[in-house]
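Structural description and commentary
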Amino acid sequence: MSHKIGIIGAGGVGSIHAAILARDQRVKLQRFFDSETARAQTLASRFGGQVAPSLEVLLHECDAVFVCTPNTTHEEVATRVLEAGKHVFCEKPFALNLESATRLRDRALSAGVIYQVGHNRRFAPVYKILSQAIGAGELEPLSVHAKMNRGELVNPSWVWDARLTGGFLYETPVHMFDLMTYFFGRVEWVEVAARAHLNRELDDFSILLCFQSGLQATMKTYAHASWHFPFERFEVYGMHSTYETFEMERISFTKGLNSRTTTYDFSLSTMHEKWGYIEEDRLFVDALDGKSPSPVTAEDGYNVVELIETCYQSARQGIRVPTGALVRK
Ligand SMILES: NC(=O)c1ccc[n+]([C@@H]2O[C@H](COP(=O)([O-])OP(=O)(O)OC[C@H]3O[C@@H](n4cnc5c(N)ncnc54)[C@H](O)[C@@H]3O)[C@@H](O)[C@H]2O)c1
């Protein structure tokens, strides 16, 4: 029996998920809903399924729903899906503040359905190699340096507006915070210096993260770097070993003082594959099949929001802030 899936939000990322799900034989793309009906119509014409005249119709007919609407709507739309008792895949960011993240996490837990957050980078081949090396003990991270820049806050047209993104850290860098905790575990404290260059928004961060393991990581994230390659990079150092990623195109590592460097290059793979979208969608459908649990839970989403809020507090107050020290508004 195929899973009837609905997609709410038929824009850029909605069309990525639709294209991938349309090729999964376990799935029937049932309904598309968008506040601009023409967009839902475009996806229905390309990938099959029908436009839903209302959210209610989509929720009534579908078993699981992809929420691909803008950041500010995630809590509200995902809550509607949870209240209908349907499984949820919701794009990042999980929520835009701790209060909202707490509400949504608690609702997701008590709903007893599958909830997956769209932190696709975990499933990018380069990051899978890095995480497998750590998991297998081939790399014991002792020190980390990372960056995730944006070229601009110009495209899409709303990306400069913190009222819509939730703040620069909730935009592209949100992925880095998820990867940091996924690879290295819980963060104990952060110390952050930040500046605003444009739009009166903090858009240039120098972040020191100390993990419970004692590992320290530095991370730079800046919003206006040009799209100079690579704008996203991890350097993970072990004892006489280094793993280094270049966007999601390739990963190189050297495992000892006298060893050669090995490089895996994914540049010829499709963007859907090398950015991890294909695997995150496959794993969501696996979870619907009961084969495996959600690989990125509401709790994971909450933890990323908590870490980002901790970074903002440290930046604004100029002090070291332990995670878990924030008071929910
Ligand atoms: N995981 C990733 O790599 C990734 C990549 C891009 C975007 N995203 C996230 O996905 C979300 C959507 O981004 P996008 O780039 O596709 O944006 P987009 O503007 O291209 O698409 C959003 C769509 O949602 C529709 N919409 C807005 N409010 C709605 C509502 N209340 N109900 C129904 N439809 C509504 C809009 O008309 C639009 O078609 C954002 O939260 C973004 O952060 C994630």
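To be clear, the structure that these remarks concern was listed above.
Along each chain, the written sequence defines residue order, and numbers are assigned to residues from 1. The predicted nature of this model means local features are confined to residues of pLDDT at least 70 and side-chain atom pairs, given and counted, to a pLDDT of 80 or more, with totals for whole chains, interfaces and linings taken over all residues. Hydrogens and water molecules were not included; the side-chain quantities draw on all heavy atoms of the structure.

**Looking at the site of the ligand**
Being near a molecule or strand, for a residue, comes down to having at least one heavy atom within 4 Å of it. Surrounding the ligand, one finds 21 residues, the nearest of these being V13, D34, R39, N71 and Y277. Two N or O atoms count as a polar contact when they lie within 3.5 Å, although within protein this holds only if one can serve as hydrogen donor and the other as acceptor, and sequence-adjacent residues are included solely when both atoms are side-chain atoms. Between a nitrogen atom of the ligand and a side-chain N or O atom of N120, the distance comes to 2.9 Å. Y277 places a side-chain nitrogen or oxygen 2.6 Å from an oxygen atom of the ligand. For the ligand, whose accessible area on its own is 840 Å², the fraction buried by protein is 80%. Here, Shrake-Rupley sampling with a 1.4 Å probe gives the accessible areas, and only protein chains in the shown set may cover a residue.

**As for the sheet that holds strand β12 (residues 241-246)**
The mixed open sheet is built from 9 strands, whose spatial order is β14-β13-β12-β11-β7-β10-β9-β8-β15. Each end of this open sheet is capped by a strand with a single partner; those strands are β14 (261-265) and β15 (321-322). A pair of strands counts as paired when DSSP detects no fewer than two bridges linking them. Each helix is a run of H or I in the DSSP string that is no shorter than four residues. Each strand is a run of E no shorter than two, and both are numbered from the N terminus. Pairing analysis gives 5 bridges linking β12 to strand β13 (residues 250-254), with the strands arranged antiparallel. The partner of F246 across the bridge, within β13, is R250.

**Quick notes on the sheet that holds strand β4 (residues 64-67)**
Strand order across the open sheet formed by 6 strands is β3-β2-β1-β4-β5-β6, with parallel pairing between neighbours. A strand with exactly one partner marks an edge of an open sheet, and here the two such strands are β3 (50-51) and β6 (115-118). Here 4 bridges tie strand β1 (residues 3-8) to β4, and the two strands are oriented parallel to one another. Directly across from G6, in β4, lies its bridge partner V65.

**Quick word on the pattern of salt bridges**
Two side chains that carry opposite charge are able to pair once their charged atoms sit near each other. For salt bridges, the criterion is a side-chain nitrogen of Lys or Arg within 4 Å of an Asp or Glu carboxyl oxygen. Going through the model one piece at a time under the given rule, you end up with 28 salt bridges. A salt bridge links E249 to K274, with the nearest nitrogen and oxygen atoms 3.3 Å apart. Taken together, the positions of E249 in the loop between β12 and β13 and K274 in helix α9 (residues 271-274) put the pair 25 residues apart, joining distant regions of the chain. Owing to a relative accessible area of 9%, K274 belongs among the buried residues under this scheme. Members of the salt-bridge network, linked through shared partners, are D24, R26, K128, E279, R282, D286, D289 and K291. With a 1.4 Å probe rolled over the protein chains alone, any residue whose accessible area is under 20% of its type maximum counts as buried; one over 50% counts as exposed, and the rest are partly exposed.

**Concerning the layout of surface pockets**
Two kinds of site are reported from a 1 Å grid over the protein atoms alone, namely cavities, where a 1.4 Å probe fits but cannot get out, and pockets, open sets with protein on both sides within 12 Å along at least five of seven lines, and residues are called lining when an atom falls within 4 Å of a point. Grid points are joined across faces, edges and corners, and a volume is the space filled by probe spheres set on the points. Estimates place the volume of the largest pocket at around 1,100 Å³. As for the largest pocket, its lining consists of 38 residues, and the residues nearest its centre are G12, V13, K92, P156 and W158. Secondary-structure elements contributing two or more residues to the lining of the largest pocket are α1 (12-21) and α4 (74-83). Each residue receives one of three labels: charged for Asp, Glu, Lys and Arg, nonpolar for Ala, Val, Leu, Ile, Met, Phe, Trp, Tyr, Cys and Pro, and polar for the others, Gly being one of them. Partitioning the lining of the largest pocket into residue classes produces 15 nonpolar, 14 polar and 9 charged.

**Examining the environment of D281**
By the element assignment, D281 lies in helix α10 (residues 277-288). In this structure, the C-alpha to C-alpha distance between D281 and I134, residues 147 residues apart in sequence, is 24 Å. Setting aside its immediate chain neighbours within four residues, D281 contacts H17, I20, L21, F66 and F89. Contacts were defined at the residue level, with two residues in contact if any of their heavy atoms lie within 4.5 Å.

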